[in-house]
Amino acid sequence: GHGIGTLFHCAPNVPHYARNKAAGKMAPGMTFTIEPMVNEGSRKCVTWPDGWTAVTADGGRSAQYEHTLAVTETGVEILTERTEN
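Keep in mind it's a predicted model, so treat the numbers as computed, not measured. (Residues numbered from 1 in each chain as written. Predicted model: local features only at pLDDT ≥ 70, side-chain atom pairs only at ≥ 80, totals over all residues. Heavy atoms only, no water.)

*Asks:* Give a description of the overall build of the protein that names residues and reports values.
*Replies:* From N to C terminus, the protein includes zero helices and seven strands. The N-to-C order of helical and strand elements in the protein reads β-β-β-β-β-β-β. Over its C-alpha trace the protein gives a radius of gyration of 15 Å, far above what one expects of a compact globule, namely 12 Å for 85 residues. Across its three principal axes, the protein shows a C-alpha extent of roughly 45 × 35 × 25 Å. Looking at the protein as a whole, 15% of its 85 residues are labelled buried. (Helix = DSSP H or I, 4+ residues; strand = E, 2+ residues; numbered from the N terminus. Rg over C-alpha atoms; globule rule 2.2 N^0.38 Å. Buried < 20%, exposed > 50% of the residue type's maximum accessible area, 1.4 Å probe, protein only.)

*Asks:* Describe the sheet that holds strand E7 (residues 75-78), listing the residues and the values that go with them.
*Replies:* If you trace the three strands from one edge of the open sheet to the other, you get E1-E6-E7, paired in antiparallel fashion. Lying at the two open borders of the sheet, with one neighbouring strand each, are strand E1 (31-34) and E7. On average, each strand axis in the sheet is tilted by 35° relative to the strand beside it, whichever way the strands run. As paired elements, E1 and strand E6 (residues 67-72) share four bridges and run antiparallel to each other. Each residue of the ladder has a partner; that of Thr31, found in E6, is Ala70. (Pairing = 2+ DSSP bridges. Axes fitted to C-alpha atoms, helices over the stretch in contact; angles between N-to-C directions.)

*Asks:* Please provide a residue-by-residue account of the side chain of Glu35, values included.
*Replies:* With respect to the secondary-structure elements, Glu35 resides in the loop between E1 and strand E2 (37-39). Despite its burial, Glu35 pairs with no opposite charge; the closest candidate is Arg43, at 18 Å N-O. A polar contact is formed between the side chain of Glu35 and the side chain of Thr33, at a distance of 3.1 Å. Here the side chain of Glu35 touches Gln64 through a polar contact of 2.5 Å, side chain to side chain. Beyond its immediate stretch of four places on either side in the chain, Glu35 contacts Gly1, His2, His16, Gln64, Tyr65 and Glu66. (Lys, Arg positive; Asp, Glu negative; His and termini not counted. Salt bridge = Lys/Arg side-chain N within 4 Å of Asp/Glu carboxyl O. Polar contact = N/O pair within 3.5 Å; in protein donor to acceptor, adjacent residues only side chain to side chain. Contact = heavy atoms within 4.5 Å.)

*Asks:* For the pairing of E7, give the residues involved together with the corresponding values.
*Replies:* The two faces of a sheet get side chains in turn, since along a regular strand they alternate between them. Both E6 and E7 contribute to a ladder of four bridges, which runs antiparallel. Within E7, the residue paired with Val71 across the bridge is Val76. Taken together, E6 and the strand that follows it, E7, pair antiparallel across an intervening segment of two residues.

Treat this as a map of the structure, not an account of what it does.
Listed below in structure tokens is the structure:
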């Protein structure tokens, strides 16, 4: 995931893999995304020459979704939470 601000994909970086080296503390007023991926086969990925597109190394199906969260004084608000309507 990543921060949401005046720049596209800004800090903080929120890696979704084990043994990442991300450091930092989230504080009220920060807005960020989490972007889990579900892969049918291998968890290993390959990045295409465009430097952006990532695919599974074995060509298996993959799905990604994104949720946006706002840190508040009392916890977190899920901005992309599904509503009853």
